[in-house]
Amino acid sequence: GLAAKYAPKLLSPKFGSQIADQSMPLSICGNAIGLLLVFRTNEAYKRLEEARELMEKVVHLSGEIVSLLVSAWEPHSLDDHLSVKTSTVASVCRHLAAFVWSLRDELRDGDNRDDVLNTLLPKEEAEWVANQRSRALALHGQLRRILYQEWKSGRFPDQQHFH
């Protein structure tokens, strides 16, 4: 900058030329560092946008799962074997809530909310999920099992709207 420009005039000719020669590599390094920072910032924004899009899909699919279950649920029909049980609807909703909390925990390093699992799930299942490497994946598997059991029993429609 300014020091490199005016230093040669103020100091001896030999010392001033050394300062001018040393400023060139610094300005090149400064430009390179600036480009790297811009690249990293752009990549971070891209990752953030991708994460937002994926979270929107999770919210959309969760709502669709619950909507399909509720549409197959007859809350006032206790003896209807073709209707999804109230306990199943409640279980799916609890598992979806636990899934979102566990996904949040995985995205934030080291922040595991066992109290949420213990509140939403039966004790044995909460302990099993807590001991899994990926809690969100374990809960996803549990949700798939519940929905499959309902489909297999004929209570859950075989139409799929999941995108």
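> Explanation requested: the packing of helix H3 (residues 86–107) against helix H6 (residues 135–152) in the structure shown.
Between two packed helices, the angle of one axis relative to the other and the distance separating the axes together describe the packing. It is at 8 Å that the axes of H3 and H6 come closest, and there the two elements cross at 160°. For the element pair H3 / H6, the angle class is roughly antiparallel. With respect to the hand of their crossing, H3 and H6 are arranged in left-handed fashion. For the pair H3 and H6, the contacting residues are Thr 88, Ser 91, Val 92, His 95, Leu 96, Ala 98, Phe 99, Ser 102, Leu 103 and Glu 106 in the first and Arg 135, Ala 136, Leu 137, Leu 139, His 140, Gln 142, Leu 143, Ile 146, Leu 147 and Glu 150 in the second.

> How do you make sense of helix H5 (residues 123–130) when you look at a structure like this?
Quick reminder: α-helices carry 3.6 residues per turn. Residues three or four places apart thus point the same way. Listed in full, the buried residues belonging to H5 are Glu 125, Ala 126 and Val 129. Viewed end-on, H5 has its buried residues packed into an arc of 100°, placing them on one side of the element. Exposed residues lying more than 90 degrees from the buried face of H5 are Lys 123 and Glu 124. On the buried face of H5, the contacting elements are H3, helix H4 (114–120) and H6.

> What is the right way to look at the packing of H5 against H6 in this model?
Where H5 contacts H6, the two axes come as close as 8 Å, and the packing angle between them is 135°. Taken together, the axes of H5 and H6 lie oblique to each other. Facing H5, whose interface residues are Glu 125, Trp 128, Val 129 and Ala 130, H6 presents Arg 135, Ala 138, Leu 139 and Gln 142. When its residues are assigned to classes, the contact of H5 with H6 shows 5 nonpolar, 1 polar and 2 charged.

> Is there a simple way to explain the confidence of the model for the protein in this structure?
Low pLDDT marks stretches whose predicted atomic positions should not be read closely. Considering every residue of the protein, the mean pLDDT works out to 78; 75% of them sit at 70 or more. Highest mean pLDDT in the protein belongs to H5 (92); lowest belongs to helix H1 (residues 2–10) (56).

> Even after reading the chapter, I still don't get the layout of surface pockets, so can you show me in this structure?
Any empty space left between the atoms is revealed when a probe the size of a water molecule rolls over them. Here the second largest pocket defines a volume of roughly 170 Å³. Every residue along the wall of the second largest pocket is listed here: Leu 48, Ala 51, Arg 52, Leu 54, Met 55, Val 58, Leu 103 and Leu 107. Mapped onto the lining of the second largest pocket, the elements with two or more residues apiece are helix H2 (13–71) and H3. Top element by residues in the lining of the second largest pocket is H2. It accounts for 6 residues. Class assignment of the residues belonging to the lining of the second largest pocket gives a composition of 7 nonpolar, no polar and 1 charged.

> What is the right way to read the packing of aromatic side chains from this model?
By convention here, two paired aromatic rings are described through the distance between centres and the angle between planes. Scanning all chains against the criterion turns up 1 aromatic pair. Ring centres of Tyr 148 and Trp 151 lie 5.7 Å apart, and the angle between their planes is 35°; on these two criteria the pair is classed as tilted. Placement of both Tyr 148 and Trp 151 in helix H6 is noted, with a separation of 3 residues, approximately one turn of the helix. Classification of Trp 151 by relative accessible area gives partly exposed; the value is 42%.

Parameters at a glance
Residues numbered from 1 in each chain as written. Predicted model: local features only at pLDDT ≥ 70, side-chain atom pairs only at ≥ 80, totals over all residues. Heavy atoms only, no water. Axes fitted to C-alpha atoms, helices over the stretch in contact; angles between N-to-C directions. Helix = DSSP H or I, 4+ residues; strand = E, 2+ residues; numbered from the N terminus. Parallel < 35°, antiparallel > 145°, perpendicular 65-115°, else oblique. Left-handed = near helix turned anticlockwise from the far one by under 90°. Contact = heavy atoms within 4.5 Å. Buried < 20%, exposed > 50% of the residue type's maximum accessible area, 1.4 Å probe, protein only. Arc of directions from axis to C-beta. Nonpolar A, V, L, I, M, F, W, Y, C, P; charged D, E, K, R; others polar. pLDDT = per-residue confidence, 0-100. 1 Å grid on protein atoms, 1.4 Å probe; cavity = no way out; pocket = protein on both sides within 12 Å on 5 of 7 lines; lining within 4 Å. Points joined across faces, edges and corners; volume = space filled by probe spheres on them. Phe/Tyr/Trp six-rings, centres within 6.5 Å; stacked < 30°, edge-to-face > 60°.

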